[in-house]
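Residues per chain, in single letters:
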Amino acid sequence: IWDKVYIERTGKVNLKNPHIVTLEPGKRNPGGNQEDAILKVSAELENTSNSKFSGVLRYEIGGDLITQRVNLDANSTIEVALPDHNVKNPKLWWPAGYGEQNLYNIKVEFVEDGSRNVLDSENVQIGIREIQTEWNPFTRSKQISVNGQKIFIKGGNWIISDCMLRFTDERYDTEIRYHRDMNLNLIRIWGG
C-alpha cells in the first residue's frame, strides 16, 4: 500500500456515491442573467441494519430543499433519484479563459422518519455546466462545447515528478495554476 487508506464508520445507513448531473438547454454566455439549469441528483443508500425503515434523502441549493421519501429493506442497497430541480439564474462554470469557475457546495443527507437525526451525509462541490461533444465532418475531429459555446481546447501533458503523490496541496495548486497561467484549458496527466 503506497497511497492513503481510509476507514469509514457508518451507522445503520451508509450514503454512497452521490451523483449530480447538470443540464443547460441552449447556448449560454458568460456573465449576466442565465436561464434555468436542471440538476439531476442521485445517491446509493445502504441499510446496514437487520430491520426495515424509512426516511428522507435530501439536499439544499440556493435556499431550496429537494427531498425524496425512501423505504429501505433490511441489509440492502438501493439507488435513489431525487426529483429534478431547476436552479434559477445559475452562476455557471466555464473553462479557464472563457469565464469564471463558479462552484456550489451541496450536502446530500439521509434523515430517518420520526427524528431529526441525520444518519449519514456527503458533501459535494459542483460546477453547473454542460459539456457536449459532436463529430465535426469538416475538421474530421471531435468538437467540444461547454454551456452551448464551442471551446478551443489548448492543453499539454503534465508528467508528475512524484509517482508516490507526496506533494503538498500548495505544490499541486501551483503546478495546476502554471497551466492556467499559460492559457491552457486542458491537462493530460501522463503517467508512463
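Up top is the structure.
Thresholds applied
- Residues numbered from 1 in each chain as written.
- Predicted model: local features only at pLDDT ≥ 70, side-chain atom pairs only at ≥ 80, totals over all residues.
- Heavy atoms only, no water.
- Pairing = 2+ DSSP bridges.
- Helix = DSSP H or I, 4+ residues; strand = E, 2+ residues; numbered from the N terminus.
- Buried < 20%, exposed > 50% of the residue type's maximum accessible area, 1.4 Å probe, protein only.
- Salt bridge = Lys/Arg side-chain N within 4 Å of Asp/Glu carboxyl O.
- Contact = heavy atoms within 4.5 Å.
- Axes fitted to C-alpha atoms, helices over the stretch in contact; angles between N-to-C directions.

Can you help me understand the sheet that holds strand 9 (residues 131–136) in this one?
In any sheet, the strands associate via hydrogen bonds between backbone groups, in a parallel or an antiparallel arrangement. Strand order in the open sheet formed by three strands is 9-10-11, with antiparallel pairing between adjacent strands. One side of each edge strand has no neighbouring strand; the edge strands of this open sheet are strand 9 and strand 11 (149–150). Here two bridges tie strand 10 (residues 141–146) to strand 11, and the two strands are oriented antiparallel to one another. Within strand 11, the position partnered with V146 by the bridge is Q149.

Sorry, what's going on with unusual backbone geometry here?
Backbone geometry follows two general trends: most residues other than glycine have a negative phi, and most peptide bonds adopt the trans configuration. Even without a glycine there, the phi angle at N75 is positive, about 50°. Note that N75 resides in the loop between strand 4 (64–72) and strand 5 (76–81). One non-glycine residue with positive phi stands out, namely N183, at about 60°. With respect to the helices and strands, the residue N183 is situated in the loop between helix 1 (169–181) and strand 13 (186–190). For N183, a relative accessible area of 56% corresponds to the exposed category.

Would you mind showing me how to read the pattern of salt bridges here?
Enumeration according to the criterion identifies ten salt bridges in this entry. Linking E112 and K12 is a salt bridge whose minimum nitrogen-to-oxygen distance equals 2.9 Å. In this pair, E112 sits in strand 7 (residues 104–112) while K12 sits in the segment before strand 1 (13–23), placing the two residues 100 residues apart along the sequence. E112 sits in the buried class, given a relative accessible area of 19%. Accessibility expressed as a relative area gives 30% for K12, which makes it partly exposed.

Mind showing me how you'd approach the environment of L57 here?
Position of L57 relative to the elements: it lies in strand 3 (residues 53–61). On the basis of relative accessibility, which here comes to 0%, the residue L57 falls in the buried class. In this structure, L57 is in contact with L15, A43, L45, I66, T67, Q68, V70, V80, L82, V108, E109 and F110, ignoring residues within four places of it in sequence.

Sorry if this is basic, but what is going on with the sheet that holds strand 7 here?
The strand order 4-3-7-8 describes an open sheet built from four strands, whose pairing is antiparallel. In the strand order of this sheet, the two ends are held by strand 4 and strand 8 (118–126), each with one partner. Geometrically, the sheet is characterised by an average inter-axis angle of 20° between neighbouring strands, direction not taken into account. Bridging between strand 3 and strand 7 involves four bridges; their strand directions are antiparallel. Opposite L57, over in strand 7, you have F110 as the bridge partner.

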